[in-house]
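Chain by chain, the residues run as shown.
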Protein chains: 2
Amino acid sequence: MGDRRQRQDLGVLLFVANRALEQRAFDAVVAAGITDITLAQARVAARIGPDGTRVSDLAEQARVTKQTAAFLVEQLERAGYVERVPDPTDGRARLVRLTAHAGPVVRAADAEVQRVLAEWAEHVGEERLDQLHEILRDLRDVTDPWR
Amino acid sequence: MGDRRQRQDLGVLLFVANRALEQRAFDAVVAAGITDITLAQARVAARIGPDGTRVSDLAEQARVTKQTAAFLVEQLERAGYVERVPDPTDGRARLVRLTAHAGPVVRAADAEVQRVLAEWAEHVGEERLDQLHEILRDLRDVTDPWR
DNA sequence: CGAGTTAGACAGATTATCTGTCTAATCTGG
DNA sequence: CCAGATTAGACAGATAATCTGTCTAACTCG
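Residues numbered from 1 in each chain as written. Chains lettered and ligands numbered in written order. Predicted model: local features only at pLDDT ≥ 70, side-chain atom pairs only at ≥ 80, totals over all residues. Heavy atoms only, no water.

**Student:** Please clarify how the protein's contact with DNA strand D should be interpreted in this entry.
**Tutor:** Close to DNA strand D lie 21 residues; A:Thr38, A:Gly91, B:Ser56, B:Lys66 and B:Arg92 are nearest. Taking the atoms of DNA strand D that fall within 4 Å of the protein, sugar and phosphate contribute 62% of them. In the model, a phosphate oxygen of DNA strand D is placed 2.5 Å from a nitrogen or oxygen of the A:Thr38 side chain. Within the side chain of B:Arg84, one N or O atom sits 2.9 Å away from a phosphate oxygen of DNA strand D. (Near = heavy atom within 4 Å. Polar contact = N/O pair within 3.5 Å; in protein donor to acceptor, adjacent residues only side chain to side chain.)

**Student:** Looking at this structure, how should I read the interface of chain B and chain A?
**Tutor:** How big an interface is tends to be expressed through the accessible area that disappears when the partners come together. Taken together, the 47 residues of chain B in the interface contact 48 residues of chain A. In total, chain B and chain A occlude about 5200 Å² of area from one another, counting both sides; carbon and sulfur atoms represent 63% of this. The interface formed by chain B and chain A holds two salt bridges in total. Notably, a salt bridge pairs A:Asp138 with B:Arg128, separated by 2.7 Å at the nearest N-O pair. Inspection of the region where chain B meets chain A yields 10 residue pairs in polar contact (both at pLDDT 80 or more). Elements with a minimum of two residues in the side of chain B that touches chain A: α1 (3–7), α2 (10–31), α4 (55–62), α6 (103–124) and α7 (126–143) of chain B. No other element matches the 17 residues that α7(B) contributes to the side of chain B that touches chain A. (Contact = heavy atoms within 4.5 Å. Buried area = accessible area lost by both parts, 1.4 Å probe. Salt bridge = Lys/Arg side-chain N within 4 Å of Asp/Glu carboxyl O. Helix = DSSP H or I, 4+ residues; strand = E, 2+ residues; numbered from the N terminus.)

**Student:** Where do I start with unusual backbone geometry in this structure?
**Tutor:** Most peptide bonds take the trans form, and the phi angle of most residues other than glycine is negative. Residues and elements named next belong to chain A. Positive phi values are uncommon outside glycine, yet Arg 63 reaches one of about 60°. If you trace the backbone, Arg 63 turns up in the loop between α4 (55–62) and α5 (66–78). Note on Arg 63: relative accessible area 17%, which makes it buried. (Buried < 20%, exposed > 50% of the residue type's maximum accessible area, 1.4 Å probe, protein only.)

**Student:** I'm lost on the protein's contact with DNA strand C in this one. Help?
**Tutor:** If you check the shell around DNA strand C, you find 21 residues, and the closest are A:Ser56, A:Lys66, A:Arg92, B:Thr38 and B:Thr68. Taking the atoms of DNA strand C that fall within 4 Å of the protein, sugar and phosphate contribute 62% of them. In this structure, a phosphate oxygen belonging to DNA strand C sits 2.7 Å away from a main-chain N or O atom of B:Gly91. Contributions of two or more residues to the surface near DNA strand C are made by α4 and α5 of chain A together with α3 (39–45) and α5 (66–78) of chain B. Here the element with the most residues in the surface near DNA strand C is α5(B); it accounts for four residues.

**Student:** I'm lost on the packing of helix α2 (residues 10–31) of chain A against α7(B) in this one. Help?
**Tutor:** Helix-helix packing is described using two parameters, namely the angle between the two axes and the distance between the axes. With their axes 9 Å apart at the nearest point, α2(A) and α7(B) run at an angle of 50° to one another. As summarised for this structure, α2(A) and α7(B) are arranged oblique, according to the angle between their axes. Regarding α2(A) and α7(B), the two cross each other, and that crossing is left-handed. Together, A:Leu10, A:Val12, A:Leu13, A:Leu14, A:Val16, A:Ala17 and A:Ala20 of α2(A) and B:Leu129, B:Leu132, B:His133, B:Leu136, B:Arg137, B:Arg140 and B:Thr143 of α7(B) make up the contact between the two elements. Tallied by class, residues from the contact of α2(A) with α7(B) come to 10 nonpolar, two polar and two charged. (Axes fitted to C-alpha atoms, helices over the stretch in contact; angles between N-to-C directions. Parallel < 35°, antiparallel > 145°, perpendicular 65-115°, else oblique. Left-handed = near helix turned anticlockwise from the far one by under 90°. Nonpolar A, V, L, I, M, F, W, Y, C, P; charged D, E, K, R; others polar.)

**Student:** Could you clarify how one ought to interpret the nonpolar core in this entry?
**Tutor:** Nonpolar side chains in soluble globular proteins generally cluster together in the buried interior. Membership of the largest hydrophobic core comes to 34 residues, with the highest contact counts inside it found for A:Trp120, A:Leu132, A:Leu136, B:Trp120, B:Leu132 and B:Leu136. When residues of this core are traced back to their parent elements, those giving at least two are α2, α6 (103–124) and α7 (126–143) of chain A together with α2, α6 and α7 of chain B. Setting aside its immediate chain neighbours within four residues, B:Leu132 contacts A:Leu10, A:Leu132, A:Ile135, A:Leu136 and A:Leu139. (Core = buried A, V, L, I, M, F, W, Y, C linked by side-chain atoms within 4.5 Å.)

**Student:** Looking at this model, I keep getting lost on the relation of the copies chain B and chain A. Mind explaining?
**Tutor:** In summary, the two copies of the chain are related to each other by a rotation about an axis coupled with a shift along it. Rotating chain B by 180° and moving it 0.0 Å along the rotation axis overlays it on chain A with an RMSD of 0.1 Å. In short, the pair behaves as if placed about a two-fold rotation axis. Same-surface contact between copies: 100% of interface residues of chain B are shared with the interface of chain A. (Least-squares fit on C-alpha atoms with pLDDT ≥ 70 in both.)

**Student:** Would you mind showing me how to read the sheet that holds strand β3 (residues 94–98) of chain A here?
**Tutor:** Hydrogen bonds between backbone groups are what pair the strands of a sheet, and the pairing can be parallel or antiparallel. Here we have three strands laid out as an open sheet, ordered β1-β3-β2 (chain A), and antiparallel in their pairing. Across the chains shown, the open sheet's two edge strands, defined by having one partner strand only, are β1 (53–54) and β2 (82–86) of chain A. (Pairing = 2+ DSSP bridges.)

The following block contains the structure:
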């Protein structure tokens with residue numbers, strides 16, 4: 001018994017962990033002197049793939065509407081962090097890509113994520129952090145209908 | 001090698017899992033006919049304890065400012081889902097409590113969370129779902145400076 | 001080719017969120 | 001027990017994020 005009740009807070013735990021990581025990464029970007037970007041913009045930018053990603057896909061992955069994603073991409077474009085190029089495989093679509101100007105942002109964020117993960121591993125052990133990763137990866141089949 | 005790169009997406013995995021659970025719970029509430037509540041409001045409401053919780057604490061737990069939390073609580077109060085009573089132990093504070101009117105919402109959400117967790121257990125196994133819970137709980141020491 | 005679908009743009013409205021300031025109540029050290 | 005520091009929350013104002021709805025151009029498939 002108690003099992004059910006205990007698990008009720010899994011949502012909170014997921015939220016807290018996610019938010020802590022996100023906040024640390026964002027704070028590191030700000031600490032690196034980049035202040036013309038917001039958290040919501042960063043969330044979307046973080047999902048841009050190496051070869052560019054469509055606005056629709058960004059919207060799906062960030063769980064916002066196309067309109068919202070398009071709005072945020074527009075801000076990022078205006079600030080010079082991304083560019084939109086025609087998708088050669090689909091005349092309707094445009095690929096959003098990171099520009100060279102985004103390099104420092106990406107590096108600052110990635111470095112901080114590494115640091116946070118190191119702290120987490122320090123706290124719960126490498127092995128269990130790996131387990132966490134694996135379980136969540138498996139869970140993705142159920143939690144992420146899209147990809 | 002590869003280890004680092006692999007783990008980079010832990011943030012995404014946490015996000016996806018959290019969002020899936022949250023969305024399912026919220027959709028269930030809407031499906032139960034409760035449509036005068038928003039996701040942001042529900043997020044705050046979900047953190048109200050059985051004996052009431054202060055706005056400041058709700059703000060901390062939901063990771064928003066006091067002002068934002070107060071605003072959302074105000075909407076909830078207006079819709080009759082919560083009430084604010086003076087905190088007997090602190091003259092400055094007021095406790096936000098769920099009203100009887102919130103009962104159906106809580107039940108609908110809780111029931112759906114149970115269902116989702118059952119699906120997750122189905123997919124990755126009871127044991128691993130327990131592991132996930134434990135690891136995240138341990139991690140909370142590091143990810144949740146407050147509580 | 002034609003019906004249905006998809007990508008994204010455009011317009012308009014609402015909601016969520018923040019910074020800043022203020023008052024009242026509480027806590028703390030002398 | 002008082003003065004300064006802190007905390008809870010209210011109030012005001014501004015901005016950012018997000019949604020629903022509609023439209024056009026481009027793709028897909030039978």
